[in-house]
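Examination of the molecular architecture
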Amino acid sequence: MSRAYNFSAGPAMVPEAVLQQAQEELLDWQGSGMSVMEMSHRGKEYMSIATQAEADLRELMAIPENYKVLFLQGGASSQFAMVPLNLLGDKKTADYFNTGQWSKKAIAEAKRYCDVNLVASSEAENFCTIPDTANWNLNADAAYVHYTPNETIGGLEFQEIPEVGDVPLVADFSSTILSRPLDVSRYGIIYAGTQKNIGPAGMAVVIVREDLLGNAGDSTPAMFNYATHAKADSMYNTPPTYTWYFAGLVFKWLKQQGGLEAMAKINQGKAQALYNAIDTSDFYANPVDPRYRSWMNIPFTLADDGLNDTFLSEAKAANLVTLKGHRSVGGMRASIYNAMPEAGVQALIAFMKDFEQRKA
Ligand code: PMP
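What you see as residue numbers is a count from 1 along each chain, following the sequence as written. For a predicted model such as this one, the threshold for reporting local features is a pLDDT of at least 70, and the threshold for listing and counting side-chain atom pairs is 80 or more; totals across whole chains, interfaces and linings nevertheless cover every residue. In computing side-chain properties, one takes all heavy atoms of the structure into account and sets aside hydrogens as well as water.

An unreviewed UniProt entry annotates the chain as Phosphoserine aminotransferase of Candidatus Venteria ishoeyi. Reading the Function (unreviewed entry) entry of the UniProt record for the chain gives the comment "Catalyzes the reversible conversion of 3-phosphohydroxypyruvate to phosphoserine and of 3-hydroxy-2-oxo-4-phosphonooxybutanoate to phosphohydroxythreonine." UniProt positions are given in the numbering used here, feature names are shortened, and annotations may be inferred rather than shown by experiment.

In this analysis, axes come from line fits to C-alpha atoms, helices being fitted only over the stretch in contact, and the angle between any two N-to-C directions falls in the range 0 to 180 degrees. Each helix is a run of DSSP H or I of at least 4 residues and each strand a run of E of at least 2, with the numbering of both proceeding from the N terminus. Axis separation between helix α1 (residues 16-25) and helix α6 (residues 241-256) bottoms out at 10 Å; the angle between their running directions is 130°. When the axes of α1 and α6 are compared, the pair comes out oblique. Like other packed secondary-structure pairs, α1 and α6 cross with a definite hand, here right-handed. Only Y242, Y245, F246, L249, V250 and W253 of α6 make contact with α1, whose side of the interface consists of A17, V18, L19, Q21, A22 and E25. Note that the term roughly parallel is reserved for angles under 35 degrees, roughly antiparallel for angles over 145, roughly perpendicular for angles of 65 to 115, and oblique for everything else. Note on convention: near helix rotated counterclockwise from far helix by under a right angle means a left-handed crossing. Clockwise means right-handed. It only takes one pair of heavy atoms within 4.5 Å for two residues to be counted as in contact.

What follows concerns the site of the ligand. Around the ligand, a shell composed of G75, A76, S77, F80, W102, N150, T152, D172, S174, Q195 and K196 is seen. Pairs of N or O atoms within 3.5 Å make up the polar contacts considered here, provided that, within protein, one atom can donate a hydrogen while the other can accept it, and that residues adjacent in sequence are counted only when both atoms are side-chain atoms. One nitrogen or oxygen atom from the side chain of S77 is found 2.6 Å from an oxygen atom belonging to the ligand. Take K196: an N or O atom from its side chain is 2.7 Å from a nitrogen atom of the ligand. The protein chains shown are the only cover counted for residues, whose accessible areas, like all others here, come from Shrake-Rupley with a 1.4 Å probe. Protein contact buries 84% of the 400 Å² of open area that the ligand shows by itself. Broken down by element, the shell around the ligand gets its largest block of residues, four residues, from helix α3 (residues 75-87). Under the convention adopted here, Pro, Cys and the residues Ala, Val, Leu, Ile, Met, Phe, Trp and Tyr are nonpolar, Asp, Glu, Lys and Arg are charged, and Gly plus all remaining residues are polar. Broken down by class, the residue content of the shell around the ligand amounts to three nonpolar, six polar and two charged. Any residue with a heavy atom positioned within 4 Å of a molecule or strand is treated as near that molecule or strand.

A separate point is the packing of aromatic side chains. Stacked, edge-to-face and tilted are the three classes for Phe, Tyr and Trp ring pairs, Trp counted by its six-membered ring, which pair at centre distances within 6.5 Å; planes under 30 degrees apart are stacked, over 60 edge-to-face, the rest tilted. By the definition in use, this model includes 20 aromatic pairs. A centroid spacing of 5.6 Å and a plane angle of 80° characterise the contact between F173 and Y187, whose relative ring orientation is edge-to-face. With F173 in the loop between β8 (169-172) and β9 (189-193) and Y187 in the loop between β8 and β9, the pair connects residues that are 14 residues apart, well separated along the chain. Assigned by exposure class, F173 and Y187 land together as buried. An aromatic cluster is defined as three or more aromatic residues linked by ring pairs; in this entry it consists of F97, W136, Y147, F158, F173 and Y187. Sitting over a ring, as applied to charges here, requires NZ of Lys or CZ of Arg to be within 6 Å of the ring centre and within 35 degrees of the ring normal. Over the ring of W295 we find R180, and its NZ or CZ is 3.6 Å from the ring centre. To sort residues, take the accessible area from a 1.4 Å probe on protein chains only and compare it with the maximum for the residue type: under 20% means buried, over 50% means exposed, and anything in between is partly exposed.

Salt-bridge detection follows one rule: a side-chain nitrogen of Lys or Arg within 4 Å of a carboxyl oxygen of Asp or Glu. This model, assessed by the stated rule, comprises 16 salt bridges. Beyond isolated ion pairs, a larger network of salt bridges with shared partners links D56, E59, K252 and K255.

So, on to helix α7 (residues 259-279). To estimate the expected span of a helix, subtract one from its residue number and multiply by 1.5 Å. Taking 1.5 Å of rise per residue, 21 residues should cover 30 Å, and α7 covers 30 Å from first to last C-alpha, within 8% of that figure. The complete set of buried residues in α7 reads G259, L260, A262, M263, A264, N267, K270, A271, L274, Y275, A277 and I278. Packed against the buried residues of α7 are α2 (44-61), α6, β11 (284-285), β12 (297-302), β14 (332-335) and α9 (342-359).

Encoded structure:
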């Protein structure tokens, strides 16, 4: 068997050791005589799996006690609606940063429920930078401020938490959660789809400050009300049991790697190596403001677009797959989440150098 270095933006690579453990436990989880997939979510065995996963995530991210952790269906996209449904209360307006395609989607969904005040937008700069703090237009009366810390498509990442005063800060961490330590206490809500840095698709992890619960209007569907899930420990209905279990295996793996401090060092090193390879070449280019380049998603173009297909097919033959850029950006994109080994990034860099030498 030969496993590829898979640079997909998501679903993405998961650690091989975790896949192996899941395989070992697939038919019979720890002597229970059944697969995790076959367990009642209310049974003793599954409850222990779910509780342990939450405890490990809390430890990894140092989540304060006044935050609930929810494991919900619907991916990150459902959160685009759940955030306004749960946080607006009597307010009519919310603040949004517009820094890329995922910000735009969140904004479009919020507009169904409220007026959106744009704090700042880099759309005119092709989403290649983050507007200066001095030009931010924050509204003290907004119900919350939403931003996308890492834009998966553009490869743009906030390197600091935005300073927004007393208004609750809400963040879509889908493509950068667990990549480095984070001060959770600065946030009202953190949410993330699981299929990039956590595990399989089909779930969102939502970390919500307790005082923000209970503000959804009566017409909010029960499944879209955070309070429903918080009260039931995410077992109001049948949760995505296998994905939750698998996330727990990834959390344990991250702890074994030395936690988020250790991951930050590795991730920064991987990203720097790849950016350095791009910047020192006249053949490859990355358009993003160097101050805000993503550690997780690295788009790059070739000097000659006509070579894109050859690049992709030769890369594939070298076991480097899913490098095609998003259709809205073109070129290539290397997504290098926690589970992408340093050796994978080094293999990509070596391939890029060799390709350049032969084709430039
Ligand atoms: N937000 C960001 C930043 C993303 O990258 C994605 C998925 N690529 C989403 C939201 C949507 O996630 P989902 O498919 O889980 O709804």
